[in-house]
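Observations on the three-dimensional arrangement
Residues per chain, in single letters:
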Amino acid sequence: MAMAGKVIKCHAAVAWKPNAPLVIEEIEVTPPQKNELRIKVIATGVCHTDLYHLFEGKHKDGFPAVLGHEGAGIVESVGPGVTEFKPGDKVVPLFISQCGECRFCRCPKTNLCERSWSSERYASMSDAESHFTCRGQAILQFMGTSTFSEYTVMNQVAVAKIHEDARLDRVCLLGCGIPTGYGAAINTAQVTPGSVCAVFGLGAVGLAAVMGCKNAGASRIIAVDINEKKFEKAKVFGATEFVNPSAHSKPISQVLHELTNGGVDFSLECVGNVAVMRSALESCVKGWGVSVLVGWTDMEDFSARPIQLISGKTWKGSLFGGYKSKDFVPVLVHDYMSGKIKLDEFVTHSMTLEQVNDAIELMKTGGCIRTVLNISTE
Ligand code: NAD
Ligand code: ZN
């Protein structure tokens, strides 16, 4: 509490511009204002969406920023009006808020929230309001969170309070990748017992989708990736068959149709590539097949022949696995602590904030599933 009400100077990894390494800088973090809390970040995962912003999206209004949106930490201090949180609480910052009051929060069909940064600055992937400065410049909060920093400030509508015994260097993954893939299978696709599923892309998001298909009772889970090194891990999460599209001269959809007597019941695209999105749809069985877009890209249009949908397939998308964030992140923490979902198996590397560029390089070259950066000690 020593710093409550004062500016904190701390370290953060700043993305000054697209396509360049992050720079560890000293930044200034404002004290929390009305309805805000300042969080000491303990651990954060590195997700492909961080890489997307840095290397693929390149939206000019999205820089300079502190990246990172898959974190967990401890409340350092709270601003006026905060009633649900107190210093010392363990929390997960949320890139999708849940204000509980807007028309989207009140509707059970969606987890979108009007109070989210994405309502205003969707294209630049950052909050309009920032709580950071560095070298006299305002620094944006990527996805409203910015967990590649020792401290961050968030509105209480975008923070989940979690179990006091939760292991923060594991449950940080519940800030993005794992609910995203798991919920895409459970909530969005609504995978049914005995069904045949295909998951395209076996990063943490895809592996979590495999875990969701398994927990939903799928009888066959076909894991698809161009990097065969991912297959062994997919088996751990419940995949039953493995296909490398590059090893076939035929289109992957044809390979899957032949393997499944006419197509899979459910397919999940966890790559973020419009051509793969099309293949995932085409891999579904006509009549009832459901394909879910999970991978993130906003740079290109996608396409498919109308007959794909006319013949009875459904094409859907999923953001944060369809989970209403504040309500469900604590439930998923509980599911991890009780053994219903795995998290440890996703973590292949542990590093420090100073090593963030190595972690980014590892993901770029397919050498990791998740790297957890240990930012501060509890
Ligand atoms: P990752 O880079 O760890 O994994 C992607 C995997 O896709 C890799 O294993 C790669 O080898 C594989 N791949 C690449 N091209 C392929 C192809 N043509 N066919 C099959 N596999 C291919 O990434 P991640 O962190 O698991 O994220 C996956 C995607 O999910 C990204 O696009 C990310 O931005 C997105 N995402 C979406 C949401 C959401 O709410 N919808 C949230 C988080 C992440
Ligand atoms: Zn993410």
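Throughout this description, residue numbers start from 1 for each chain and increase along the sequence as written. Both sets of labels track the order of writing: A upward for chains, 1 upward for ligands. Thresholds applied to this predicted model are a pLDDT of at least 70 for local features of residues and 80 or more for the giving and counting of side-chain atom pairs; totals over whole chains, interfaces and linings are not thresholded and use all residues. Values reported for side chains reflect all heavy atoms of the structure, with hydrogen atoms and water molecules removed beforehand.

Naming follows an unreviewed UniProt entry, where the protein appears as Enoyl reductase (ER) domain-containing protein of Denticeps clupeoides. Check the Sequence similarities (unreviewed entry) section of the UniProt entry for the protein; it says "Belongs to the zinc-containing alcohol dehydrogenase family." Under the UniProt heading Cofactor (unreviewed entry), the note attached to the protein is "Zn(2+)". UniProt positions are given in the numbering used here, feature names are shortened, and annotations may be inferred rather than shown by experiment.

What to know about the coordination of the zinc ion (ligand 2)
Each protein donor to the zinc ion (ligand 2) is listed here as Cys47 (SG), His69 (NE2) and Cys176 (SG); together their distances run 2.0 to 2.3 Å. Think of the donor list as every N, O and S atom within 2.8 Å of the metal, or within 3.2 Å for Na, K and Ca; water never makes the list, so a site can look incomplete. Each donor residue of the zinc ion (ligand 2) lies on the same chain, and together they follow the pattern C-x21-H-x106-C. Taken together, the residues His69 in the loop between strand S4 (65-66) and strand S5 (70-78) and Cys176 in the loop between helix H3 (168-171) and helix H4 (177-189) connect sequence positions 107 residues apart. Each helix is a run of H or I in the DSSP string that is no shorter than four residues. Each strand is a run of E no shorter than two, and both are numbered from the N terminus.

Points about the pairing of strand S11 (residues 196-200)
Where burial is concerned, most of S11 is hidden: five out of the five residues are buried. Whether a residue is buried, partly exposed or exposed follows from its accessible area with a 1.4 Å probe, protein chains only, as a fraction of its type maximum: under 20%, in between, or over 50%, in that order. Burial along S11 is two-sided: the residues Val196, Ala198 and Phe200 and Cys197 and Val199 are all buried. Pairing between strands is defined by DSSP: at least two bridges between the two strands are required. Summarising the sheet, S11 and strand S12 (residues 220-224) pair through five bridges and their orientation is parallel. Its bridge partner lying in S12, Phe200 is registered against Val224. By convention, a crossover is right-handed whenever its connection, traced from the first strand over the helix to the second and viewed with the strands pointing away, goes clockwise. Of the crossover connections in this fold, the one passing from S11 over helix H5 (residues 204-215) to the parallel S12 is right-handed. As judged from the four bridges shared by S11 and strand S14 (residues 266-269), these two strands associate in the parallel manner. Bridge pairing in S14 places Val199 opposite Leu268.

Let's talk about the environment of Ile24
With respect to the element layout, Ile24 can be found in strand S2 (residues 23-29). According to the relative accessible area criterion, Ile24 is partly exposed, its value standing at 30%. Separated by 330 residues in the primary sequence, Ile24 and Glu354 place their C-alpha atoms 6.7 Å from one another. The contact criterion used throughout is that any non-hydrogen atoms of two residues lie within 4.5 Å. If we ignore the near neighbours within four places in the chain, the residues touching Ile24 are His11, Ala12, Ala13, Leu353, Glu354 and Val356.

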